[in-house]
Amino acid sequence: MGGTPFHVWIQGGRRTDGEFTFDAERIVRDFSQFSQKQLDLFGEFPEQAYHFLTLILPVPYYHGVEHRNSTVLVLGPNDEGEGLYQDLLGVSSHELFHAWNIIRIRPTELLPYDFTKENYFSTCFVAEG
Ligand SMILES: [Zn+2]
């Protein structure tokens, strides 16, 4: 996409009946759509590649955390079906947006970083990520 390869890695993506939890073609189509929308919004991608590192668990779980050129996602349960897929799309799109928002575009009040206490903004912004 725009010369940047995007990779979706999934571990544990089989339901208890042995079928794959997700449809690969659907993933490529849907991930391409939200990724392209974000690239169109920002004009370029700031990394050489991006990786969606996904772990699907047999138990209920919902977690995502952003990194500069990747995100780690943990979701479950793998038998949930469409709801799990919608969670995958939602959290994946959210974490990709962080490639720009907060990782590279952030309120100046955050700097210099001090994670030992809360950081209040006089500009009334709220930051997550
Ligand atoms: Zn976030």
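Keep in mind that what you see is a predicted model, and the values were worked out from it rather than measured. (Residues numbered from 1 in each chain as written. Predicted model: local features only at pLDDT ≥ 70, side-chain atom pairs only at ≥ 80, totals over all residues. Heavy atoms only, no water.)

Visitor: I'd like a rundown of the overall build of the chain, residues and numbers included.
Guide: From N to C terminus, the chain includes two helices and four strands. Its helices and strands taken in sequence order, the chain reads β-α-β-β-β-α from the N to the C terminus. Seen through its C-alpha atoms, the chain measures out along the principal axes to roughly 55 × 35 × 20 Å. Residues counted as buried form 35% of the 129 residues belonging to the chain. Considering only contacts in the chain between residues 6 or more positions apart, those separated by 24 or more positions represent 54%. Surface summary for the chain: the accessible area is close to 8100 Å², and the carbon and sulfur share equals 56%. Each charge class in the chain was averaged separately, 9 positive and 18 negative side chains, and the resulting centres sit 4 Å apart. (Helix = DSSP H or I, 4+ residues; strand = E, 2+ residues; numbered from the N terminus. Buried < 20%, exposed > 50% of the residue type's maximum accessible area, 1.4 Å probe, protein only. Contact = heavy atoms within 4.5 Å. Areas by Shrake-Rupley, 256 points an atom, 1.4 Å probe, with all protein chains shown as cover. Lys, Arg positive; Asp, Glu negative; His and termini not counted. Charge placed at Lys NZ, Arg CZ, Asp CG, Glu CD.)

Visitor: So what's going on with unusual backbone geometry? Residues and values would help.
Guide: G76 connects to P77 through a cis peptide bond whose omega is 5°. Mapped onto the elements, P77 comes out in the loop between strand 4 (70-76) and helix 2 (82-97). In the segment running from L111 into P112, the intervening peptide bond is cis, with an omega of -10°. Within the secondary structure, P112 sits in the segment after helix 2. In the Ramachandran plot, I102 falls in the positive-phi region, its phi being about 85° despite a non-glycine side chain. Mapped onto the elements, I102 comes out in the segment after helix 2. On the basis of relative accessibility, which here comes to 11%, the residue I102 falls in the buried class. Phi is positive for C124, close to 70°, though the residue is something other than glycine.

Visitor: Now, about the coordination of the zinc ion: what can you tell me, with residues and values included?
Guide: Donor atoms from the polypeptide that coordinate the zinc ion comprise H94 (NE2), H98 (NE2), E128 (OE) and E128 (OE), at 2.0 to 2.4 Å from the metal. Of note is the zinc ion, whose four donor atoms meet at the metal with angles of 58 to 132° in an arrangement that counts as irregular. Mapping the donors of the zinc ion onto the primary sequence gives the spacing H-x3-H-x29-E. In this pair, H98 is assigned in the segment after helix 2 and E128 in the segment after helix 2, connecting sequence segments 30 residues apart. Classification of H98 as buried rests on a relative accessible area of 3%. Taking relative accessible area as the criterion, E128 reaches 44% and is therefore assigned partly exposed. (Donors = N, O, S within 2.8 Å, 3.2 Å for Na, K, Ca; no water. Tetrahedral: all angles 85-135°; square planar, octahedral: opposite > 155°, others 65-115°.)

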